[in-house]
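# An overview of the molecular structure
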Amino acid sequence: MSNFVKRVGKELHDINNRPFTFKGVGIGGWLLIEGYMIKSFGKIDRPRRMYDHIEKLTNEKTADWFFSEWVTNFFNSEDIKLIKNDGFNSVRIAIDYAFLFEPSDLIQELEVVEHNFEILDRIIEVCAKHQLYVIVDLHAAPGGQTGTNIDNSKNDHPDLFVSELYQLQTIYVWKTIASRYKKEQYIGAYDLLNEPLPDWQAKYNDLLVPLYKRIIEAIREVDKNHLITLEGLHWSTDLSCFTELLDDNLLLQFHKYWSSPDKESIQQYLDLREKLDVPLYMGEGGENNLLWYSTVFKLYEQLDISYAFWTYKKMDNTNSIVSFEMPSNWEKFLNGELNDTETLVVLVELLDNVRFNKTTHNKSVSNHILLQNDYSQYSFGYDFVSNGISFHRFNHHDSSMRINDGIKILTSNKEVVVPNFKQFGGEDTPDKDVLYTFLDKDEWIGFTYKNCGEPFSVTLDSVVQEDITIKANGIVVVPKNGSYFIQSNLDETKINIKAVNNVKLGIVSFKQQ
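Residues numbered from 1 in each chain as written. Predicted model: local features only at pLDDT ≥ 70, side-chain atom pairs only at ≥ 80, totals over all residues. Heavy atoms only, no water.

## Observations concerning the environment of aspartate 431
Here is the rule: Strands here mean DSSP runs of E at least two residues long; helices mean DSSP runs of H or I at least four residues long; both are numbered from the N terminus. Working definition: with a 1.4 Å probe on protein chains only, accessible area under 20% of the residue-type maximum means buried, over 50% means exposed, and in between means partly exposed.
Tracing the backbone shows aspartate 431 in the loop between β17 (408-410) and β18 (436-439). A residue is classified by how much of its surface remains accessible, and aspartate 431, at 70% relative accessible area, is exposed. Separated by 373 residues in sequence, aspartate 431 and threonine 58 place their C-alpha atoms 47 Å apart.

Here it is as structure tokens:
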């Protein structure tokens, strides 16, 4: 297994047998269009409904043409180069089984759609060329494992768990995929089922692990080398179903959205990592603002948790890595108000807009995820280590988050609150919900900046400079024009912000010079 990503206790090792973590991007919307990514969620929320809508407004031939062109235009080698150049090492590709196989309610061994498999083959080949690992994510299994829009469900019910035929088909799907890619080094992992069984389908919870065992057994008949990642229940937030390792080469996966970016919020997963001696993967998290990204992805990196940001590309946005424009008359199209000719004009424009050279690269999103170049952080996004290393306080204070640290993280009025991190579209946190870090005299917090030997500056939002002292690698930095300019030949610089007087800290910004 030395030429494949593998589990070594709680660590992952890469194809060169070196410890590493996945730092990746989720490729949603390419092989499975989710409505919110194209601002159609309230009307058309999944691929099968988009197909039906286009067919109704035009004809079957046009619907087939649109989906074929969408796959060609939405994601290709140029996107892969961008992801690599931004600094990521992996992609998690969301797949609808119906893209690779002909759906059937009659047969177990589904017919392979070879032409579509070849599209995936080429993407994997380009990823390998650029040394990007690919996590193959079965986002939509036969019958649906979630019973919502995200698995392209037919009946808004997880029929996978009530149909032996669909389970046999899912096993066949994975055995076919594993057989095809068993020698491909840059397949990082097989992600067996995306977000199975939300809590309102909990009556089927006991069926998940037995199905996982059957799929794993089938995969290992043809592929004994590749890593397998398993997701938990209820949007993969509940991993209590895992009481033992189902395979020696395993990666447990959780997802995290719109919640406090602190260690306490993921403690259950950290405890499970210790109990089962298994690495962790935050396989989906995003859809928030940049300040949340720079705190939560720092949490994963400093706690050695692999991750995949969700999602790479959406319509008219500033909080995904790539954005494309909404076509003219989009709302009229969604409302079914256009004739066939007008519909075709809208679809042609949309297909043109998603082409790589027509899109906008939100580089700041990548910078805030990877903590590189220019980015900002909440002051409570100080390093995730311990008292005396990443922060220092004299007394244990009440706090709105990071409560075990005992640092005062409060509203502007010094209130302890339940934090609001539900900035779905990347908007700023409402003023009333903004949290600040309050330091008493001689308390301090620390940050790590990956400057790679380059000079950089640190700026603090709305702080009286006489109230703080900043050190870089232990050396006091004198402010100039409101910022602290630092020259360091090291790859990383330790920044220490110490209170000379009692002080309220807001946003901390880093900028490469």
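Still to come is the rest of the account.
## So, the side chain of glutamine 377
Short version of the rule: The term polar contact refers here to a pair of N or O atoms within 3.5 Å; inside protein, the definition further demands a hydrogen-donor-capable atom paired with an acceptor-capable atom, and it admits residues adjacent in sequence only when both atoms are side-chain atoms. A contact between two residues is defined here by any heavy atoms of the two lying within 4.5 Å.
Within the secondary structure, glutamine 377 is located in strand β15 (residues 375-378). Accessibility expressed as a relative area gives 1% for glutamine 377, which makes it buried. Among the polar contacts made by the side chain of glutamine 377, one reaches the main-chain carbonyl oxygen of serine 294 at a distance of 2.7 Å. The residues contacting glutamine 377, other than those within four sequence positions of it, are Leu291, Ser294, Thr295, Lys298, Leu371, Phe447, Gly506, Ile507, Val508 and Phe510.

## Focus on the packing of helix α5 (residues 114-129) against helix α6 (residues 164-181)
Rule in force here: Lines fitted to C-alpha atoms define the axes here, with helix axes fitted over just the stretch in contact, and angles between the N-to-C directions of these axes take values from 0 to 180 degrees. Working rule for angles: under 35 degrees goes down as roughly parallel, over 145 as roughly antiparallel, 65 to 115 as roughly perpendicular, anything else as oblique. The crossing is said to be left-handed when, going from far helix to near helix, the turn is anticlockwise and less than a right angle, and right-handed when the turn is clockwise. Charged residues are taken to be Asp, Glu, Lys and Arg, nonpolar residues to be Ala, Val, Leu, Ile, Met, Phe, Trp, Tyr, Cys and Pro, and polar residues to be all remaining types, Gly included.
Direction vectors running N to C along α5 and α6 enclose 50°, while the axes themselves pass 12 Å from each other. Accordingly, the angle class assigned to the pair α5 and α6 is oblique. Both α5 and α6 take part in a crossing whose hand is right-handed. On α6, the residues touching Glu114, Phe117, Glu118, Leu120, Asp121 and Ile124 of α5 are Ile177, Arg180 and Tyr181. The residue inventory of the contact of α5 with α6, partitioned by class, reads five nonpolar, no polar and four charged.

## Details of helix α9 (residues 267-276)
Just so we agree on the cut-off: The directions considered for the arc are those from the helix axis to the C-beta atoms.
Within the sequence span of α9, burial applies to Tyr269, Leu270, Leu272, Arg273 and Leu276. All buried residues of α9 project into a common sector of 160° when viewed along the axis, lining one side. Of the surrounding elements, those touching the buried residues of α9 are β1 (6-8), β9 (250-255) and β10 (280-286). Where α9 terminates, the next one or two residues include aspartate 277, which has phi positive at roughly 55°.

## As for the packing of helix α10 (residues 290-302) against helix α13 (residues 363-370)
Relative to each other, α10 and α13 sit at 35°, their axes nearing to 7 Å. For the pair α10 and α13, contact is made by Leu290, Tyr293, Ser294, Phe297 and Glu301 and by Ser364, Val365, His368, Ile369 and Leu370, respectively. By residue class, the composition of the contact of α10 with α13 is six nonpolar, three polar and one charged.

## Some thoughts on the pattern of salt bridges
Worth spelling out the cut-off: When a carboxyl oxygen of Asp or Glu lies within 4 Å of a side-chain nitrogen of Lys or Arg, that pair is called a salt bridge.
Overall, the coordinates contain 30 salt bridges when judged by the stated rule. A salt bridge links arginine 92 to glutamate 284; its shortest N-O distance comes to 3.1 Å. One end of the pair, arginine 92, is in strand β5 (residues 90-96); the other, glutamate 284, is in strand β10, and 192 residues separate them in sequence. The partner of arginine 180 in a salt bridge is aspartate 121, and the shortest N-O contact between them spans 2.7 Å. With arginine 180 in helix α6 and aspartate 121 in helix α5, the pair connects residues that are 59 residues apart, well separated along the chain. When salt bridges with common partners are traced through the structure, they connect Arg92, Asp137, Asp191, Glu231 and Glu284 into a single cluster.

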